[in-house]
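Per-entry structural report
This is what each chain is made of:
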Amino acid sequence: AEEAGGSGGVRASEEFFAKYAAMRKGLQHRQPPKRRDVFNLLLTIANDKEVQHARVLLQAYAPYVPKLDKAPGGALIRASARAGALSEALELLSDYRELRFLPSLGSTLFLMQKLGQAGRVEDAVRAHGIMVSALPDDPRCWSADYLETLTRSYLKEGQHGKAAKMFATFREMGCMPPVMLYRLALSQCSEACHDAATSSDALAAVALFEGGIKADKHQDPTCDQLVAKAKQAAEDAQKPQAEEEASAGEG
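The notes below deal with the structure included here. (Residues numbered from 1 in each chain as written. Predicted model: local features only at pLDDT ≥ 70, side-chain atom pairs only at ≥ 80, totals over all residues. Heavy atoms only, no water.)

1. Points about helix α7 (residues 121-134)
If you check α7, its first and last C-alpha atoms are 20 Å apart, about what 14 residues at 1.5 Å a residue would give, namely 20 Å. All of the buried residues in α7 are Val121, Ala124, Ala127, His128, Ile130, Met131, Val132 and Ala134. Turning to α7, the residues buried within the fold contact α5 (86-94), α6 (105-117), α8 (144-156) and α9 (160-172). (Helix = DSSP H or I, 4+ residues; strand = E, 2+ residues; numbered from the N terminus. Expected span 1.5 Å × (residues − 1). Buried < 20%, exposed > 50% of the residue type's maximum accessible area, 1.4 Å probe, protein only. Contact = heavy atoms within 4.5 Å.)

2. Describing the side chain of Asp138
Relative to the helices and strands, Asp138 is located in the loop between α7 and α8. Overall, Asp138 belongs to the buried group, its relative accessible area being 13%. Not counting chain neighbours up to four residues away, the residues in contact with Asp138 comprise Lys70 and Leu105.

3. Some words on the packing of α7 against α8
One way to put it is that α7 packs onto α8 with a least axis distance of 9 Å and a crossing angle of 160°. The angle between α7 and α8 places the two elements in the roughly antiparallel class. In terms of crossing hand, the pair formed by α7 and α8 is left-handed. Contacts between α7 and α8 involve Val121, Glu122, Ala124, Val125, His128 and Met131 from the first element and Tyr146, Leu150, Ser153 and Tyr154 from the second. Here the residues of the contact of α7 with α8 are counted per class, giving seven nonpolar, two polar and one charged. (Axes fitted to C-alpha atoms, helices over the stretch in contact; angles between N-to-C directions. Parallel < 35°, antiparallel > 145°, perpendicular 65-115°, else oblique. Left-handed = near helix turned anticlockwise from the far one by under 90°. Nonpolar A, V, L, I, M, F, W, Y, C, P; charged D, E, K, R; others polar.)

4. A few points about the pattern of salt bridges
It is possible for side chains bearing opposite charge to pair when their charged atoms get close. Inspection of the entire model under this criterion finds twelve salt bridges. As a salt-bridge pair, Glu15 and Lys19 come within 3.4 Å of each other at their nearest N and O atoms. With Glu15 and Lys19 both in helix α1 (residues 14-28) and four residues apart, the pair spans about one turn of that helix. On the accessibility criterion, Glu15 (54% relative accessible area) is exposed. Residue Glu210 pairs with Lys231 through a salt bridge whose shortest N-O separation is 3.3 Å. Taken together, the residues Glu210 in helix α11 (residues 199-215) and Lys231 in helix α12 (residues 221-250) connect sequence positions 21 residues apart. Among the charged side chains, a salt-bridge network with shared partners connects Glu210, Lys214 and Lys231. (Salt bridge = Lys/Arg side-chain N within 4 Å of Asp/Glu carboxyl O.)

5. Description of the packing of aromatic side chains
The full count for this structure, using the stated rule, is four aromatic pairs. Judged by centre distance (5.8 Å) and plane angle (45°), the ring pair of Phe17 and Tyr20 falls under tilted. Of this pair, Phe17 and Tyr20 both sit in helix α1, three residues apart, roughly one helical turn. Per residue, the accessibility class of Phe17 equals that of Tyr20, and both read buried. Between Phe167 and Tyr182, the aromatic rings sit 5.1 Å apart at their centres with planes inclined by 50°, giving tilted as the arrangement. Here Phe167, found in helix α9, pairs with Tyr182, found in helix α10 (residues 179-192); they are 15 residues apart in sequence, far enough to count as distant. (Phe/Tyr/Trp six-rings, centres within 6.5 Å; stacked < 30°, edge-to-face > 60°.)

6. Quick word on the environment of Arg97
Structurally, Arg97 can be placed in the loop between α5 and α6. Expressed as a C-alpha distance, the spacing of Arg97 and Ala134, which sit 37 residues apart in the sequence, is 8.7 Å. Within the structure, Arg97 has its side chain in polar contact with the side chain of Tyr96 (distance 2.9 Å). (Polar contact = N/O pair within 3.5 Å; in protein donor to acceptor, adjacent residues only side chain to side chain.)

This is the structure we're talking about:
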């Protein structure tokens, strides 16, 4: 017999648990619930205990799902991420085949944004990779929305080189990053160029972004100014270091 309670005192609501228990009982007697009722229950997930119950329900319901569909998966991932159960949501996403749903574009983006905000950028990249493997023929997986989410996450963590490489990957897959995103990346790199400890990495990223801007034929004075500013800042940051090394050599 299952209980509504969870770890750390988190419990499923009585209403959620009652509906979940009735569906589980029906499945045990080979009387599957209506797809709409399962979908509506997934929409109401409010904590990690309810996520766990939803997983159990979907595993039992899987034999009755003839065709993988985005709707239940979208409801499940979005509700789980909204409830703050990010690790659970990522696990559910990775098990989409077993749980008989397809990752949806919108809910995966929402999960990626939440992971990025939590400083879990590699998990956000993983979520994107799972979606791409599930929807290999959908070019929308490589749209600028996903690139922006990953770029903001990398820049927030000071990983300018990885942000630049992500731009290159998306461009190879047919995405043309908007000027606004180039400005954001160059602005952050320019700031990092002022610091001798990060200037060489940031400057290398600037060179990659500059190459992308030229290849995409963007004509943007703001980007040009940011590139020039970054190069000057990096040069200024390296000067005192070079002078110190020179004086140490003389001594």
